[in-house]
Amino acid sequence: MFTAPLLTLLLVLSITESPVKAANSPISVPITRRLNFSNGTYNLVAHDRARLQALRDPSKHGQRLINVPLTTNVFVYSISAQIGNISYNLVLDSGSANTWVGASIPYQPTIASVFTGQPVSVIYDNGFFDGMVYRDTVTVGPGLTVIGQEIGVADLSGGFPGYDGVLGIGPVALTLGSLILTPAVPIPTVTDNLFNQQIIPANVLGVFFEPDAGLQRATTGQLTFGGTDPTLYVAGITYTSITSIPPASNFWSIKQSITYGGAPILANTVGIVDSGLVLIAIATEAFQLYQAATGGQLDPVTELLVITGIQYNALQNLDFHISDKIFSLTPNGQIWPRALNARIGGQLGSIYLIVHDIGTPIGQGGYDFINGYAFMQRFYTVFDTTYSRVGFSETAFTAATTN
């Protein structure tokens, strides 16, 4: 996910205290979310369109394209990574898998550094880096140290001022093509190596976000390396296999169907779970059915559906049918936080829906939905490489009315 200094809404995740760890157990790292408005309004749909385009188009090495203006970027997740004596502030991205540094603070080789001689290049939705690969000791939190992690060291990068690089937590297949001389060779991710070096018991990442009310205050989330934290969800985890259908299969991809108020709007189909997408995107025909059912009108400024108070009171659950479980996004979970309306160019008191058109008909875009951050903040999410699956569960905030 691309980052920039002129972010209108900055969501930062950083380690705030020592993790909880037992011998060969999952390691839960507390993270803090900070909301920081710094540059007026932004367009959520434009941001998500850029992300969608980047997910559909493979990286084209050697190009210097910044596809989206810096001011359209919304959410940035960052985590501190220690290499040698230097702490790097890295973007945490579930839609990529390379880890690299040098965008801001230069990399300084350590006694543990090994220069591989491999050139590497990655292009993001609106940023890029070119550089060389080193192996080094990388620490992403207390108790989370990888020896011999392959990292990119940027000679040239764009779109990342204020940040030092990226820590990718997507599937390792997303690294394919990034090594210029050996594009068919993957680069093990940090999570892969934490598991391979027996620091964590499984190649699993549990992700928890708490819905915010649009207030500029710190709230807590949590990343659990190696498993899940049962204290953060209220039912068992429902798992579904990662799909084998490209191009979605390169990402955290699943199959699901969607109903609104019990009526089908999207049949069982392939899509992606990605925290880098702010909203929830669905195929054009499904979006049209959702719009008709809710009565929403497309707002020309925000490009979101806007509804009246009467229509909000009549909203039904938007149900995601995953495996044998229904995950219900409540009416409040379907709207943008009203306290933040001005920040998206919206009107005070208006009600904006967070479901938008993915931009392609069913079956023609490579995937027919993306469950973005708006979905993940209502459901605990598990990215499980060990068993090639993604899991979900309700949390204490699934039915929150904070929006």
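The structure under discussion appears in the preceding block.
Reference entry: report on the structure contained in this document. (Residues numbered from 1 in each chain as written. Predicted model: local features only at pLDDT ≥ 70, side-chain atom pairs only at ≥ 80, totals over all residues. Heavy atoms only, no water.)

Here we have seven strands laid out as an open sheet, ordered β20-β19-β14-β15-β23-β16-β22, and mixed in their pairing. Looking along the sheet, the strands with just one partner apiece sit at the ends: β20 (325–329) and β22 (355–357). On average, each strand axis in the sheet is inclined to that of its neighbour by 35°, with strand direction left out of account. Relative to β22, strand β16 (residues 280–282) is paired through three bridges, and the arrangement is parallel. When the sheet's bridge partners are listed, isoleucine 282 is paired in β22 with aspartate 357. (Pairing = 2+ DSSP bridges. Helix = DSSP H or I, 4+ residues; strand = E, 2+ residues; numbered from the N terminus. Axes fitted to C-alpha atoms, helices over the stretch in contact; angles between N-to-C directions.)

In terms of nonpolar packing, the biggest core is built from 88 residues, with Ile280, Ile282, Tyr290, Leu318, Phe320 and Trp336 touching the most fellow members. With five residues, the top contributor of residues to this core is strand β15 (residues 263–273). When near neighbours in sequence (up to four residues on either side) are disregarded, isoleucine 280 contacts Phe320, Leu329, Ile354, Val355, His356, Ile370, Asn371, Gly372, Ala374 and Phe375. Residues Phe129, Phe160, Tyr163 and Leu179 belong to the second largest nonpolar core, which totals 13 residues. (Core = buried A, V, L, I, M, F, W, Y, C linked by side-chain atoms within 4.5 Å. Buried < 20%, exposed > 50% of the residue type's maximum accessible area, 1.4 Å probe, protein only. Contact = heavy atoms within 4.5 Å.)

Here aspartate 48 is to be found in helix α1 (residues 44–56). Discounting residues that sit within four places of it in the chain, aspartate 48 has contacts with Leu277, Val278, Leu279 and His356.

In this section: the pairing of strand β25 (residues 389–394). In terms of burial, β25 is a largely internal element, five of the six residues being buried. Inspection of the sheet shows strand β13 (residues 238–241) paired to β25 by four bridges, in the antiparallel sense. Among the inter-strand pairings, serine 241 is bridged to a residue of β25, identified as arginine 389. Alignment of strand β24 (residues 379–384) against β25, held across six bridges, turns out to be antiparallel. Bridge pairing links threonine 381 to phenylalanine 392 in β25. Turn length for the β24-β25 hairpin, with the two strands adjacent in sequence and antiparallel, is four residues, and the turn residue serine 388 shows positive phi of about 50°.

Where burial is concerned, the two faces of strand β10 (residues 165–168) agree: the one with Gly165 and Leu167 and the one with Val166 and Gly168 are both buried. Relative to β10, strand β5 (residues 86–93) runs parallel, the two sharing four bridges. Following the sheet pairing, leucine 90 is matched in β10 by glycine 165. Where strand β6 (residues 99–101) lies against β10, three bridges are found, and the strand directions are antiparallel. Note on β10: the bridge partner recorded for valine 101 is glycine 165.

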